[in-house]
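Notes for the structure review
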Amino acid sequence: MRFVHATLPQRVRFASGAAAAGVRAEAELLDARQVMVIAAEAERTLADEVSADLPVVSRHHEVLMHVPIEAAERARAAAVAHQADSIVSVGGGSATGLAKAVALTTGLPIIAVPTTYAGSEATDVWGLTENAVKTTGRDPRVLPAAIVYDASLTLTLPVKMSVASGLNALAHCVDSLWAPRADPINAALAVEGVRALAAGLPEVTRDPSGVGGREQALYGAYLAAVAFASAGSGLHHKICHVLGGKYNLPHAQTHAVVLPYVLAFNAPNAPEAARRLAEAFGADTALAGLQALRARLGAPAALRDQGLAEADLSEAVEAILAAVPEDNPTKATGDNLAALIRAAWEGSEPA
Ligand code: NAD
């Protein structure tokens, strides 16, 4: 065996029903005395509850998808004006993303309290959008110092959004198996992530007000994000990054739709990954396992329903072709990628 694996330094606390106490404990460990709270308007009440016992100097609620640079600048200015010494972010990937944008220039430590399965809290990847172009990068300053997971905070996440976001997490697991820095350690995390998500998500749809399925889903989402942070972006993430960035498609739903097509594309040339995925799904093949799960969840099925126009398909294929990772298991060509994207657009059977 020869490989190099990097593990990111971060504390993670699972605290079902006890987010406020968990965040307080993490804030004490950081010696936080002037906390900036970042949460979207919609998650304001959750954030108020979570931060009730903290020394808060600023509450910032201008959270927008894909972190427009102007919004990041306003949040950075607020952090400086209020002399914040730390950030508590409460919400989905967009809230975490804004906290990361502030940390990127100020170096402030983040305590992330995620309320979706996006997984940004466990990565050192930041994203900013300027003039409709999304730029991403990696920087140790943006990795949250601590994560507090409390499944009860996700009870209000609608079932449809839970499904899409959970499949976004599942995509982190699957893509990790053939991403540029894939190794046996991130594969182990990814496979356990698939098992937990495949167990938890159907439970979330069956009993949305129960905490059990949501705990499993959060646990799986965390493993997924750690695997993804270490393995990097494979073909699936490159496709979704192009589609999301160029055509402003919804993040989680785009991942949810595209995943079976990338799995069908790569599995024949990634037999070990396919075998392990099948085992984690408890199915005969990886694709059969994923499709059975998607059917149980009522997952979104076609990019045309997510706002992608047919006229944009060939331009999208060109942009994706330029971004395909060199060592993707199946060699991508203009033709086979065009077939993949058209099938995902139509929602036809992945082949
Ligand atoms: P999001 O944060 O925009 O949340 C989606 C919707 O769910 C919003 O309307 C939000 O208000 C709502 N919501 C969140 N939590 C809720 C709750 N508990 N109850 C009710 N409603 C709730 O979307 P997302 O899918 O979580 O994150 C997507 C963003 O995260 C994208 O910009 C993506 O690029 C980024 N992301 C970054 C990384 C990374 O490593 N940097 C990883 C994954 C995602």
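Scroll up to find the structure this text is about.
So, here's what we can say about the structure.

Moving on, we come to the site of the ligand. The ligand sits among 22 residues. The nearest are Ser94, Thr115, Thr116, Thr123 and Lys134. Side-chain polar atom of Ser120 to a nitrogen atom of the ligand: 3.4 Å apart, as the coordinates give it. The separation between an oxygen atom of the ligand and a polar side-chain atom of Thr123 is 2.6 Å. For the ligand, the protein covers 81% of the area, taking 870 Å² as the surface of the free molecule. For the shell around the ligand, a count of residues per class yields 8 nonpolar, 11 polar and 3 charged.

Moving on, we come to helix 8 (residues 235-247). For helix 8, built from 13 residues, the straight-helix expectation of 18 Å at 1.5 Å per residue is met to within 8% by its first-to-last C-alpha distance of 18 Å. Turning to helix 8, its buried residues number three or more, namely Leu235, His236, His237, Ile239, Cys240, Val242, Leu243, Gly244 and Tyr247. Buried residues in helix 8 make contact with helix 5 (159-176), helix 7 (212-231), helix 9 (251-266), helix 12 (313-321) and helix 13 (334-346). Directly after helix 8, the chain includes Asn248, whose backbone phi takes a positive value near 55°.

Overall, the coordinates contain 16 salt bridges when judged by the stated rule. For Glu62, the salt bridge goes to Arg74, with nearest N and O atoms at 2.7 Å. With Glu62 in the loop between strand 3 (56-60) and helix 3 (69-81) and Arg74 in helix 3, this residue pair connects regions lying 12 residues apart in the sequence. Overall, Glu62 belongs to the partly exposed group, its relative accessible area being 27%. Here Glu192 makes a salt bridge to Arg195, at a shortest N to O gap of 2.9 Å. Placement of both Glu192 and Arg195 in helix 6 (residues 184-206) is noted, with a separation of 3 residues, approximately one turn of the helix. What emerges from the salt-bridge pattern is a single network uniting Arg11, Arg13 and Glu26.

For the rest of this paragraph, the subject is the pairing of strand 2 (residues 35-38). A two-sided burial pattern is seen for strand 2, the buried positions comprising Val35 and Val37 on one face and Met36 and Ile38 on the other. Taken together, the 4 bridges between strand 2 and strand 3 define a ladder with parallel strand orientation. By the bridge assignment, Ile38 is partnered in strand 3 with His60. This β-α-β element, strand 2 to helix 2 (residues 44-50) to strand 3, shows right-handed connectivity. For strand 2 and strand 4 (residues 86-91), the ladder comprises 4 bridges, and the chain directions are parallel.

Let us now look at the sheet that holds strand 1 (residues 11-14). Pairing within the open sheet is parallel, and its 6 strands lie in the order 1-8-5-4-2-3. Whereas interior strands pair on both sides, the edge strands pair on one side only; in this sheet they are strand 1 and strand 3. Direction aside, neighbouring strands of the sheet carry axes that sit 15° apart on average. Against the sheet, helix 4 (residues 93-106) makes contact with strand 2, strand 3, strand 4 and strand 5 (110-114), and its axis sits at roughly 165° relative to strand 4, the strand it touches most. In the packing of helix 7 onto the sheet, the strands contacted are strand 1 and strand 8 (146-149), and the crossing angle to strand 1 comes to about 170°.

We now examine the side chain of Asn186. The residue Asn186 is located in helix 6 in this model. Under the relative-accessibility criterion, Asn186 is labelled buried at 0%. There is a polar contact of 2.8 Å between the side chain of Asn186 and the backbone nitrogen of Asp183. If we skip the residues at most four places from it in the chain, Asn186 touches His5, Ser176, Arg181, Ala227, Ser230 and Ala231.

Moving on: the packing of helix 12 against helix 13. At a minimum axis distance of 9 Å, the contact between helix 12 and helix 13 shows a crossing angle of 125°. Our classification of the angle between helix 12 and helix 13 gives oblique. The two elements helix 12 and helix 13 meet at a crossing, and its hand is right-handed. Residue-level inspection shows Leu313, Val317, Ile320 and Leu321 of helix 12 in contact with helix 13, the latter providing Gly334, Leu337, Ala338, Ile341, Arg342 and Trp345. When the residues that make up the contact of helix 12 with helix 13 are grouped by side-chain class, the tally is 8 nonpolar, 1 polar and 1 charged.

A separate point is the pairing of strand 6 (residues 125-130). Pairing of strand 6 with strand 7 (residues 133-138), which is carried by 6 bridges, proceeds in the antiparallel orientation. Bridge pairing in strand 7 links Glu130 to Val133. Hairpin remark: strand 6 followed by strand 7, antiparallel, with 2 residues in the connecting loop; positive phi at Asn131, about 50°.

On the surface, Met1, Phe3 and Ile185 cluster together into a nonpolar patch covering about 360 Å² of accessible area. Summarising the element assignment, Phe3 is placed in the segment before strand 1.

On to the environment of Asn269. Note that Asn269 resides in the loop between helix 9 and helix 10 (271-281). Along the primary structure Asn269 and Trp178 are separated by 91 residues, whereas in three dimensions their C-alpha atoms are 10 Å apart. Each residue touching Asn269, except ones within four places of it in the same chain, is listed here: Pro329 and Thr330.

Cut-offs used in this document
- Residues numbered from 1 in each chain as written.
- Predicted model: local features only at pLDDT ≥ 70, side-chain atom pairs only at ≥ 80, totals over all residues.
- Heavy atoms only, no water.
- Near = heavy atom within 4 Å.
- Polar contact = N/O pair within 3.5 Å; in protein donor to acceptor, adjacent residues only side chain to side chain.
- Areas by Shrake-Rupley, 256 points an atom, 1.4 Å probe, with all protein chains shown as cover.
- Nonpolar A, V, L, I, M, F, W, Y, C, P; charged D, E, K, R; others polar.
- Helix = DSSP H or I, 4+ residues; strand = E, 2+ residues; numbered from the N terminus.
- Expected span 1.5 Å × (residues − 1).
- Buried < 20%, exposed > 50% of the residue type's maximum accessible area, 1.4 Å probe, protein only.
- Contact = heavy atoms within 4.5 Å.
- Salt bridge = Lys/Arg side-chain N within 4 Å of Asp/Glu carboxyl O.
- Pairing = 2+ DSSP bridges.
- Right-handed = clockwise from strand over helix to strand, strands pointing away.
- Axes fitted to C-alpha atoms, helices over the stretch in contact; angles between N-to-C directions.
- Parallel < 35°, antiparallel > 145°, perpendicular 65-115°, else oblique.
- Left-handed = near helix turned anticlockwise from the far one by under 90°.
- Patch = residues over 30% accessible without salt bridge, like charges linked within 9 Å, V, L, I, M, F, W, Y side chains within 5 Å.

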